[in-house]
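What follows is each chain in one-letter form.
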Amino acid sequence: MESLLLINSGMNLTENNPMQLNNYILLVLMLLLLSCSSNAITFRVFVPPGTDSVMVIGNISDLGSWDHESALPMQKIDDTTFTATLLITSAKQLEYKFTRGSWETEALNPDSSVPANHRTTLRKSTILQHRIYQWSDNVKRKASERTLGITGNVIFHSDFYSPQLNNYRTVTVLLPPSYEDALQKHYPVLYLHDGQNVFSPWTSLSGNEWHLDETAAELTANGDMKEIIMVAIDHGEDRTGEYSPKHKGNDYSIFLVETVKPWIDSTYRSLTGPENTAVMGSSMGGIISFHLGWEFDDIFGFAGCLSPAFLVDNKEIVKRVEDYSGNKKGCLFILYNGTEELEAQLQPAVSEMIKILDRKGYIENRDYCYSIFDGATHTELEWAKQSRIIFTTFFKQ
């Protein structure tokens, strides 16, 4: 109470200055939080002038578990300063980033590159202070910059229109080494969600990539997998909605089935049957991959579901599989998950899905493959390692 009286007596806070009053009330509340709890974490960021809003998004539920709908909004103190405070009850390994509400508006490094996740171990009250130099939607990238770090013959199809979702995105096609010379040869196709993240750290939202280009080049050169065409589809602004079957996921699925795939098959020398067509993604991309393999097994013969977030939408996809009474699906599903942080939160729903598949007569290592990777976290670097196994399973030479 003494702090409140001191501030109030030192400043002329009146109804004529509501913004100033609100800011100081916020500061007082923050001070009270810090004094009452030994686990108060305050984020403070200094931003470019004109910034309208800032959110903290991260790997714990208080920061949205990487979902912008539940991320932590920050309070504007002045034109260049935002702050937010949360309480923790135990030591946590924290990873976080700053955005203005979507991955298309995340904070960038001074050189316009995408930063890696901020990481820290929270054990006591602290202030985490950062300076934001620019936002990704304010940086105009050259088309040639997308090729940085990519191995192989890559083609970018920008402004690819989705009539089902009424939006545009980039579709990136990575061709196999022999494509330009073996003109009579046709190739299996792997469709990938979160296309920004799979080939290049420059466009990856976390600053890390899946290294699928290097992995495929190495495995094909060693004779461990077939040559394939990879089609990486960027997500739209509403990533969570597009990858959730309960929301826009059905429209996104039809976009792949009726727009993207027919166009790929008519533009490139692809093998078109389900035995030569795979889909793969992680987290929400893992859900939509499972959905595509489950509902369109006449098109997709393989579905790689890494760290699938089956728990979202009140486990809608788990319940749908449980309620299904038709013929066994013809798609081979691969389900991988880790053990750390967000992976541990996802595991119960993944385990439930496996039990349902078992009860319905699906045979492990024939109808589905399942592994838990001890120590693995919810990151592109882990999915890069796991993708090596998927490549030699789906596209075994």
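Residues numbered from 1 in each chain as written. Predicted model: local features only at pLDDT ≥ 70, side-chain atom pairs only at ≥ 80, totals over all residues. Heavy atoms only, no water.

Time to look at helix 5 (residues 245-267). With 23 residues, helix 5 extends only 28 Å from end C-alpha to end C-alpha; this falls clearly short of the ideal 33 Å at 1.5 Å per step. Taken together, the buried positions of helix 5 are P245, G249, Y252, S253, F255, L256, V257, T259, V260, K261 and I264. (Helix = DSSP H or I, 4+ residues; strand = E, 2+ residues; numbered from the N terminus. Expected span 1.5 Å × (residues − 1). Buried < 20%, exposed > 50% of the residue type's maximum accessible area, 1.4 Å probe, protein only.)

Here we take up the side chain of N337. When you line up the elements, N337 lands in strand 17 (residues 332-338). Polar side-chain contacts of N337 include one of 3.0 Å to the backbone oxygen of E343. Non-local contacts of N337, meaning those with residues more than four positions away in its chain, are made with S307, E343, L346, Q347, S371, I372 and F373. (Polar contact = N/O pair within 3.5 Å; in protein donor to acceptor, adjacent residues only side chain to side chain. Contact = heavy atoms within 4.5 Å.)

Moving on: unusual backbone geometry. Glycine aside, residues mostly have negative phi angles, and peptide bonds mostly take the trans form. Look at H211: it is not a glycine, yet its phi comes out positive at around 60°. As for its placement among the helices and strands, H211 is situated in the loop between strand 13 (189-192) and helix 3 (212-221). Phi is positive for N365, close to 70°, though the residue is something other than glycine. Inspection of the secondary structure puts N365 in the loop between helix 8 (342-359) and strand 18 (368-373).

With that settled, the discussion passes to the sheet that holds strand 17. Strand order in the open sheet formed by eight strands is 11-12-14-13-15-16-17-18, with mixed pairing between adjacent strands. If you trace the sheet from one side to the other, it starts and ends with strand 11 (153-162) and strand 18, each paired once. On average, each strand axis in the sheet is inclined to that of its neighbour by 15°, with strand direction left out of account. In the sheet, strand 15 (residues 277-282) pairs with strand 16 (residues 302-306) via five bridges, with the strands oriented parallel. Opposite S282, over in strand 16, you have L306 as the bridge partner. (Pairing = 2+ DSSP bridges. Axes fitted to C-alpha atoms, helices over the stretch in contact; angles between N-to-C directions.)

Attention shifts here to the pattern of salt bridges. A pair can form between side chains of opposite charge whenever their charged atoms are brought close. A complete count under the given rule lists 17 salt bridges for this structure. Put simply, K97 and E106 hold a salt bridge, and the shortest N to O gap is 2.9 Å. In terms of burial, K97 and E106 fall into one category: buried. In this structure, R169 engages E242 in a salt bridge whose closest nitrogen and oxygen atoms are separated by 2.9 Å. (Salt bridge = Lys/Arg side-chain N within 4 Å of Asp/Glu carboxyl O.)

Counting buried residues along strand 15, six of its six residues qualify, which places the element largely inside the surrounding structure. Of the two faces of strand 15, both are covered, the one formed by T277, V279 and G281 as well as the one formed by A278, M280 and S282. Pairing analysis gives four bridges linking strand 13 to strand 15, with the strands arranged parallel. Looking at strand 15, one finds that L190 is bridged to A278. You can see the chain leave strand 15, run along helix 6 (residues 284-295) and come back into strand 16, and the turn it takes is right-handed. (Right-handed = clockwise from strand over helix to strand, strands pointing away.)

Turning our attention to the packing of helix 5 against helix 6. For the pair helix 5 and helix 6, the least separation of the axes is 10 Å and the interaxial angle reads 60°. On the basis of the axis angle, helix 5 is oblique to helix 6. For the pair helix 5 and helix 6, the crossing hand works out as right-handed. Of the residues in helix 6, those touching helix 5 at P245, G249, N250, Y252, S253, L256 and V257 are I287, I288, H291 and L292. (Parallel < 35°, antiparallel > 145°, perpendicular 65-115°, else oblique. Left-handed = near helix turned anticlockwise from the far one by under 90°.)

Before going further, it helps to examine the environment of D52. Within the secondary structure layout, D52 lies in the loop between strand 1 (40-46) and strand 2 (55-58). Considering only alpha carbons, one finds D52 and R100, 48 residues apart in sequence, at a separation of 7.9 Å. If sequence neighbours within four positions are ignored, D52 has contacts with F82 and R100. For D52, the side chain forms a polar contact with the side chain of R100, separated by 3.3 Å.

Right, let's get into the packing of aromatic side chains. Applying the stated criterion across every chain yields a total of 23 aromatic pairs. Relative to F310, the ring of F290 lies with its centre 5.5 Å away and its plane at 75°, an arrangement referred to as edge-to-face. One end of the pair, F290, is in helix 6; the other, F310, is in the loop between strand 16 and helix 7 (312-323), and 20 residues separate them in sequence. Of the two residues, F290 and F310, both sit in the buried class. Each ring, one from W294 and one from F333, has its centre 6.2 Å from the other, and the planes form 40°; the classification is tilted. Of this pair, W294 sits in helix 6 while F333 sits in strand 17, and the two are 39 residues apart along the sequence. Comparing W294 with F333 shows no difference in burial state: the two are buried. Taken together, the ring pairs in this structure connect F160, Y179, Y187, Y243, Y252, F255, W263 and Y268 into an aromatic cluster. Against the face of Y362 rests K328, its NZ or CZ located 5.4 Å from the ring centre. (Phe/Tyr/Trp six-rings, centres within 6.5 Å; stacked < 30°, edge-to-face > 60°. Lys NZ or Arg CZ within 6 Å of the ring centre and 35° of its normal.)

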